[in-house]
Amino acid sequence: MSLPAGSAFAQSTTAGDQDKASEASSDTQKKAEKVETLDAIVVTGSRIARDTFNSVSPVTVINREEATMAGFTSTAGVLQSNAVTGGTDQINNAYGGYVVNGGPGVNTLSLRGLGATRTLLLLNGRRVAPAGSRGAVGSADLNVLPNIMIDHIEVLKDGASSIYGSDAVAGVVNIITQPKVDGVTIELQNNGTEAGGGTENRVSIKGGKTADNWRISGSLEFYKRSAVTYADRDFSSGCPTPMVGRRADGSFGADDYIDPMTGEPKCWTLDAGGVTVNTLGTAYLLGRPGQGSLGYYGTYYPEDLPGLGGLDYFNRWRPNSGVTDGDLPGFEGVDYYGRDSFDPRMLEEHLLSPTNNYTAFLQGGLDLNALGDAELYFENLASRRRSNQVGFLQHTIDYAVGSPLLGDLSWLPRMAGAPADGSTGGRPIAARAFLGWGLYKNKQEVDFNRATVGLRGNLGSSWKYDVYASHARSFADYYTENRLTDRYRNTLNVVSDGNGGFMCADAAARAAGCVAAPMLSTSVLAGNLPAAYKNYVMQWTHGTTEYTEKTLNAGVNGPIFDLPYGTIYGAFGVEYRDAEIDDTPDPNSVANNLYGFTASQPTRGKDAVKEAYAELQVPLLSGIRFAQELSLNLSGRVTDYDSYGSDTTYKIGLMYTPISALSFRASHGTSFRAPALFEQFLGATSGFNAASGDPCNAWASKTPESNVYINCSSLGLAPNFDQKSSIKVLTKGGAETGLAAETSVATTAGIVFQPEMPEWFGTLSLAADYYDIQVDNGVARLSGAQVLGLCYNSLPAEFTAGTGYCGLVQRAADNTLSVTTGYVNVSTDIVRGWDFTARYTRDIGPGSFRANLAVSHYLEQSGRTFPDSPLVDNNGRLYSPDFTGQLDMSYNVRNWNFRYGVDWVGKMSDYEYYQKNGIDYTDVYKMDTANYFSSNASVQYRGDKWSVTAGLRNLTDKRPPQVSSAVAGVGNTMLYSGYDWLGRSYFLNFTKSF
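Residues numbered from 1 in each chain as written. Predicted model: local features only at pLDDT ≥ 70, side-chain atom pairs only at ≥ 80, totals over all residues. Heavy atoms only, no water.

A separate point is the state of the cysteines. Across all of its chains, the model carries four disulfides by this definition. Sulfur-sulfur distance for the disulfide between Cys696 and Cys712 comes to 2.0 Å. Since a negative S-S torsion denotes a left-handed disulfide, the Cys696-Cys712 link at about -90 degrees is left-handed. Here Cys696, found in the loop between strand E31 (685–689) and helix H14 (707–713), pairs with Cys712, found in helix H14; they are 16 residues apart in sequence, far enough to count as distant. Cys712 shares its class with Cys696; the two are buried. For the protein chain, the disulfide bridges join cysteines in the arrangement 1-2, 3-4, 5-6, 7-8, where the cysteines are counted in sequence order. (Disulfide = S-S within 2.5 Å. Helix = DSSP H or I, 4+ residues; strand = E, 2+ residues; numbered from the N terminus. Buried < 20%, exposed > 50% of the residue type's maximum accessible area, 1.4 Å probe, protein only.)

Across the protein chain, the average pLDDT comes to 90, with 93% of residues at 70 or higher. Taken together, the stretch residues 1–38 has pLDDT below 50 and engages in 120 contacts with residues farther than four places along the chain or on a different chain. (pLDDT = per-residue confidence, 0-100. Contact = heavy atoms within 4.5 Å.)

Take helix H15 (residues 784–792) next. Think of an α-helix as turning once every 3.6 residues; residues three or four places apart then point the same way. What H15 keeps buried is the set Gly784, Val787, Leu788, Cys791 and Tyr792. An end-on view of H15 places all buried positions within 115 degrees of arc, on one side of the element. (Arc of directions from axis to C-beta.)

Right, let's get into the sheet that holds strand E32 (residues 727–732). The mixed open sheet is built from five strands, whose spatial order is E26-E31-E32-E36-E35. Sheet topology places strand E26 (599–600) and strand E35 (809–811) at the edges, where each strand pairs with a single neighbour. Here E35 runs beside strand E36 (residues 817–822); their pairing, made up of three bridges, is antiparallel. Within the sheet, the bridge partner assigned to Gln810 lies in E36 and is Ser818. Helix-sheet contacts for H15 involve E31, E32, E35 and E36, and the interaxial angle to E36 is about 110 degrees. (Pairing = 2+ DSSP bridges. Axes fitted to C-alpha atoms, helices over the stretch in contact; angles between N-to-C directions.)

Under the counting rule described, the total for this entry stands at 31 aromatic pairs. Ring-pair connections join several aromatic residues into one group, and the members of that group are Trp760, Phe761, Tyr840 and Phe849. Looking at Arg47, its charged tip hangs above the ring of Tyr613, at a distance of 4.6 Å from the centre. The ring of Tyr913 carries Arg877 above its face, with NZ or CZ at 3.7 Å from the centroid. (Phe/Tyr/Trp six-rings, centres within 6.5 Å; stacked < 30°, edge-to-face > 60°. Lys NZ or Arg CZ within 6 Å of the ring centre and 35° of its normal.)

Take the pattern of salt bridges next. Overall, the coordinates contain 39 salt bridges when judged by the stated rule. The shortest N-O distance in the salt bridge between Glu332 and Arg318 comes to 2.3 Å. Taken together, the residues Glu332 in strand E16 (residues 331–333) and Arg318 in strand E15 (residues 312–319) connect sequence positions 14 residues apart. Under the relative-accessibility criterion, Glu332 is labelled buried at 5%. Relative accessible area serves as the criterion here: at 12%, Arg318 is assigned to the buried category. One salt bridge in this structure joins Asp769 and Arg665, with 3.0 Å as the shortest N-O distance. Linking Asp769 in strand E34 (residues 763–780) with Arg665 in strand E30 (residues 662–673), this pair joins segments that are 104 residues apart in sequence. Among the charged side chains, a network of salt bridges with common partners joins Arg118, Arg673, Glu679, Glu742 and Asp829. (Salt bridge = Lys/Arg side-chain N within 4 Å of Asp/Glu carboxyl O.)

Turning our eyes to something else, we now look at unusual backbone geometry. Phi is mostly negative for residues that are not glycine, and the peptide bonds are mostly trans. Here Arg112, not a glycine, exhibits a phi torsion of approximately 60 degrees, which is positive. With respect to the helices, strands and loops of the structure, Arg112 is situated in the loop between helix H5 (82–85) and strand E4 (119–123). You can call Arg112 buried: its relative accessible area is 5%. In this structure, Ala698 is a non-glycine residue whose phi angle is positive, near 50 degrees.

Reading across from one edge, E3-E6-E7-E4-E5 is the order of the five strands in this open sheet, with mixed pairing throughout. Both outer strands of the open sheet, strand E3 (59–63) and strand E5 (126–127), are each paired with one neighbouring strand and no more. Looking at chain direction, E3 and strand E6 (residues 150–156) are connected through five bridges and run antiparallel. Each residue of the ladder has a partner; that of Val61, found in E6, is Glu154.

This next bit is on the nonpolar core. Core analysis: the biggest nonpolar cluster contains 40 residues, and Leu79, Leu121, Val173 and Ile175 have the highest contact counts within it. Setting aside anything within four residues of it in sequence, one finds Leu121 in contact with Leu79, Arg126, Arg127, Val128, Ala140, Leu142, Leu145, Val173 and Ile175. Within the second largest apolar cluster, 36 residues are counted, among which are Ala430, Ala431, Ala433 and Trp437. (Core = buried A, V, L, I, M, F, W, Y, C linked by side-chain atoms within 4.5 Å.)

This part takes up the environment of Asn482. Note that Asn482 resides in strand E21 (residues 463–483). For Asn482, a relative accessible area of 3% corresponds to the buried category. Between the C-alpha atoms of Asn482 and Thr820, which are 338 residues apart in sequence, the distance is 24 Å. Among all residues touching Asn482, those that are not within four sequence positions of it are Val537, Met538, Gln539, Thr541, Leu594 and Phe597. There is a polar contact of 3.0 Å between the side chain of Asn482 and the side chain of Thr541. (Polar contact = N/O pair within 3.5 Å; in protein donor to acceptor, adjacent residues only side chain to side chain.)

With that out of the way, let us pick up helix H8 (residues 485–492). Taken residue by residue, H8 has Thr485, Tyr488, Thr491 and Leu492 as its buried positions. Summarising the axial view, the buried residues of H8 lie within an arc of 120 degrees, below the 170-degree limit, and thus occupy one face. The elements touched by buried residues of H8 are strand E19 (375–400), E21, strand E22 (494–496), strand E23 (502–504) and helix H11 (531–537).

By the bridge criterion, 20 bridges tie E21 to strand E24 (residues 538–563) in an arrangement that is antiparallel. Counterpart to Ser474 in the pairing with E24 is Tyr547. Across 19 bridges, E24 lies against strand E25 (residues 566–584) in antiparallel orientation. Among the inter-strand pairings, Ala554 is bridged to a residue of E25, identified as Val574. Hairpin geometry of E24 and E25 is characterised by an intervening segment of two residues between the two adjacent antiparallel strands.

Before going further, it helps to spend a moment on empty space enclosed by the protein. Following the criterion strictly, the structure yields 11 cavities of 30 Å³ or more and no others. When its volume is computed, the largest cavity comes out at roughly 760 Å³. Ser74, Gly77, Asn93, Glu200 and Tyr223 are the residues nearest the centre of the largest cavity, which is lined by 43 residues in total. Listing elements by their share of the lining of the largest cavity, those giving two or more residues are helix H4 (75–79), strand E8 (183–193), strand E9 (200–210), strand E10 (214–225), strand E18 (355–367) and strand E44 (932–942). Of the residues contributing to the lining of the largest cavity, the split by class is 15 nonpolar, 22 polar and six charged. Here the second largest cavity is characterised by a volume of approximately 480 Å³. Lining the second largest cavity are 33 residues, and of these Arg127, Pro130, Asp167, Tyr547 and Glu549 sit closest to its centre. (1 Å grid on protein atoms, 1.4 Å probe; cavity = no way out; pocket = protein on both sides within 12 Å on 5 of 7 lines; lining within 4 Å. Points joined across faces, edges and corners; volume = space filled by probe spheres on them. Nonpolar A, V, L, I, M, F, W, Y, C, P; charged D, E, K, R; others polar.)

So, in structure tokens, the structure goes:
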């Protein structure tokens, strides 16, 4: 996903000042390269207009023409590209089946890998409020942004809370629209994929009029993306396997489970993306081993049962009419790998989810010829997102002891106690059918609107003022197909219908359409459920989420007084913001009536902040030998939040240019992030994780030296222990525990080299910038599964003492588990590294050549969840590359523009991390990836008032690397946004102006 690397050297008001070489003659471009002063402008990261060529903080600029040449159809695609993110993972449309902040279908931006809530998104210098669905809305949704109206994007990867307030911890992205538009332009774009699915279409129109004392412009856009299913890509529809054990040729899979029926490694095992289907769970019974039984994972060892003629004890079975002996004729006993775990309907799941986005943008201004030649201006952004996701659902039917639905198996003894969710009406379970339900759907409709009105003008002859008010509102309707626990319970409480079948015992339930659960059979285990039963149990559930944010801002800027080497400029202002969230889940969620799905209470709360800020630009030296420029930038902000009180931030920046070709810049400052409303007021949620998530299941089969083995054995559990009850997980918000703001310190230092080269050589610019960001007092919340894993993997002494993560885990006398999680200020994150940028331009023949290179080199990507935990450095590990880069080359000649780009993600490996922790997985799992290169090419022809752009992305059809399923996200593929999941694709863009 290569983009031209924006300039780290020159800052300008519009992308045309910097990168539109295609629209400038070579002579004009040469002159512009040598200019050391520009008109006074405001660049992201400062509120003071400057006339110098370089800024204290490095800012990357991407103009819209570059995005078009790179083949992007949406602003979200541009912002989530590696050129902006540096290769850090982003929440995109591959996460439709996961629980993410902002709900399914949301697209967010995270700079430096520090998270979307630590990245501030601006539109024309003003905040873009959060949008999304469900209770955890806390970040801007990139889906709301316009496309055709954008002039350029400025990316500041530096802490800037002293300038912009909360959230600007990792950096700021400022999207600048075209200030004036005359005429009408239509734009059509289509992106298609060679492998099918994932087609993108966008229809856009913009228009405007500029008069002597007024201006107005706007745009309307429709963007549609179709789904990509697992079946659409070979890497997700193929044969995911554990990939365990190294073969003689170095490849992995030597120790994968071999299916005795085929003699080949079994696909879709439980640890390679599969789920248990076509399986019956019972108490331990004597039976014939299945074709693949290995004598562990839920069975007793054969040597413990002498003289049984090949029989063994099992608690998992699959149908086999050829088995006539043992306690369960017609079934063969199966172990962990022998269980059926693939249903063809799984391939219909969405790998990338679809969306329809509608966006409208309107802006304008009126010169009042009063109040200091003031302009009364306004801006309105409105969008609607309609998105949906399709997933595969595993279903279980719990047949109670003595239930007539057991048929010939009514003699089965108690397998487990009554589930905690009440789904069996308090009756113990004799048998549990594991089967494939099929597909289920989520869908969302999210409406977003942000309206701004302001007044800006002159105060006297040299000062300027700007006052504005903004109101933003996101409202979402979200729907999920859910099985309702009370209906599920009704289907299991049955009596004879007098015709050889069964009906629901409760008369009121029958009147409401209750359908008895199917009798246990091999057909039911195969996933063949009566449609009437499914339609009764599963219902659409509906929730709503409203998020509002109001802003009042007033600021002034101008010269303060003169010094020997220049004038001190200042910017001062105040700001007030308040925000409110109201998430109302479906009544069935509030009543904990969702079977196998997390229940949620309403999330409701509000917060407000009052702020005052100041910034000074101080020229210390200028125009003397070895000091062409030496300037100091100082900024500070005082904040007062209703939720946790007051805070202050500051930033000091220094720019030194000893000679015109060389500049040094550095900055040091603090930033903060106020707790998001959902982190403070998240409604208490209670849910259940599968019993298979108990770390002590079959603990004797694990490595004897591992902490899990030692810790589980200390509990006195049977070697073949198998948890029978779901794991209860409780989560709550952090307001009641005094959640405070995160704080951070950021240091940057850089050098810019722009040597004066001979004309025949062309022009060359180089920059290197070091950054160091540390976030303390960070807000963290772990999932129930993470807490369990961290607890049972902790040192035995910590486990026995019940400290750290184990303080959040409770194992009852009957070995049932419960976990408590929530938001607390405990985490630390550190990111250090270098950004390298190079730009080269030269006239070649009748045209102009331009090359941009950007490389990000992370030195550290560390974090810890608790203060007493060791820092874990993920730098260079899977999902966290230490090197990424983009090379972009273009050649512009007359009406033609040719472009070629390469996107690089460096190799990654988990081996060294585990080796440092005493574990060598080198010959056990494939836990590394090679360097990943994806290339793109395009050509553009510009007519008088029209243009056509065509190109190919992922020219070589590079597929995501494969790793062992133990570290993969989808089958054997990493769920990582830095790789291209679409494969080779084409794009065609047509633009016409009138």
